[in-house]
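Each chain, letter by letter, is given below.
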Amino acid sequence: MDPHLLRTYVTVARLASFSEAARELGYTQSAVSQHIAALEQDLGTSLLTRRPVAPTAAGERLLEHAGPLLLRLDAARAEVARMAAAPEHGLALAAAPTALGPHVVAALPAAGVTLRVTARDEVPAAVATGAADLGLVDGLAAPNDPLRLPDVAPLTTRGVTEDPVCVLLPRDHPLAGRTGLRLGDLVDARWLDAPGAALPLTGLRAATGNPGGFRPALRYDGTDLRTLVTLTAAGHGLTLLPSPVAGGAADVVAVPLVAPRVVHRVELVHAGALRGAAAALAGELLGEPGQG
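Description of the structure in this document. Small disclaimer: the values here were computed from a predicted structure and weren't measured.

A closer look at the overall build of the protein
- Along the protein, the regular secondary structure elements total 10 helices and 13 strands.
- In terms of overall dimensions, the protein has C-alpha extents of about 65 × 50 × 30 Å along its principal axes.
- Counting contacts in the protein only where the partners sit at least 6 residues apart, residues at least 24 apart contribute 72% of the total.
- About 14700 Å² of surface is accessible on the protein, with carbon and sulfur atoms providing 53% of the total.
- Side-chain charges of the protein comprise 24 positive and 28 negative groups, with the mean position of each set lying 3 Å from the other.

Structure follows, in structure tokens:
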């Protein structure tokens, strides 16, 4: 299967338009039509209806495979390019916002780093495709247990920190005076769904074994922690944050989570052998200053 044809198909399906896909890809509309026809001939089935432009059942199944396949190809290209690149270049770090605790911030060099704060699910792909030299992902885990990351490419992961977690509540919340909270007692509370900023609600459901609990009152699709805190303070819902980044806000209270016994785990993600500035930063983060 020709990956160029597959990319064209994915773009047409996403935009639901041959002309818009041609504009985005820099092809003529005729070339896009030829790509789709060639892919359909190769697979022996129709992939798109034309009016309206929409995937067929076979096309939908192909889309499920296409994303991981194209990401793997991008990852392979990026890894080969890294091996051939000059050893000294600017360092790019992709990180989830809640992965940037004091230990991480203190380890950053004084100059030469581009920090890209992004949703945690996007960090492994950024590293795999070469958009970042290093990544920092985080999530809820049992103590000393590794995180479960998407299988986007052969990546190396190593634990950086493990910290307690806190429930963030408005100061006038009935539970704000508690010294500790049990997650199981908050299943039916109002929660903020902020997968890019807070610890995801899916992790809370997994930790309590309650797939139907922790229903969101409001969804926030950003990565700014200040906005998240403001929403919590205004009473739009509770949120769960690692203790190093939970304190300090004036209008909220961070109450430690005492059960279940879970931690906020941060892991370093990279592809291939590390060199230069990437190796030095990894050594600082991992407590191995001599690395690289």
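On we go.
Brief notes about the pattern of salt bridges
- For the structure on display, the rule yields 10 salt bridges.
- Taking the shortest distance from any N to any O, the salt bridge between Arg61 and Glu64 comes out at 3.4 Å. Here Arg61 pairs with Glu64, and both are found in helix α4 (residues 57–84), just three residues apart, close to one helical turn. You'll find Arg61 and Glu64 in the same group, each marked exposed.
- A salt bridge links Arg219 to Asp221, with the shortest nitrogen-to-oxygen separation between them at 2.8 Å.
- The structure contains a network of salt bridges with shared partners spanning Glu162, Arg265 and Glu267.

The rules we used
- Every chain is numbered on its own, with residues counted from 1 as its sequence reads.
- Restriction of local features to residues with pLDDT of at least 70 applies here, the model being predicted, together with a cutoff of 80 or more for giving and counting side-chain atom pairs; totals for whole chains, interfaces and linings are based on all residues.
- Hydrogen atoms and water are omitted, and side-chain values are computed over all heavy atoms in the structure.
- Put simply, DSSP marks the helices as runs of H or I at least four residues long and the strands as runs of E at least two long, and each gets a number from the N terminus on.
- Two residues qualify as a contact provided that any one of their heavy atoms is within 4.5 Å of a heavy atom in the partner residue.
- Every accessible area reported is derived by Shrake-Rupley at a probe size of 1.4 Å, with residue values counting cover from the shown protein chains alone.
- We treat Lys and Arg as the positive residues and Asp and Glu as the negative residues; His and chain ends play no part in the count.
- Just so you know, the charge point we use is NZ for Lys, CZ for Arg, CG for Asp and CD for Glu.
- Throughout this description, the term salt bridge denotes a Lys or Arg side-chain nitrogen within 4 Å of a carboxyl oxygen of Asp or Glu.
- Categorising residues by exposure relies on relative accessible area from a 1.4 Å probe, with only protein chains included: less than 20% of the type maximum marks a residue as buried, more than 50% marks it as exposed, and the intermediate range marks it as partly exposed.

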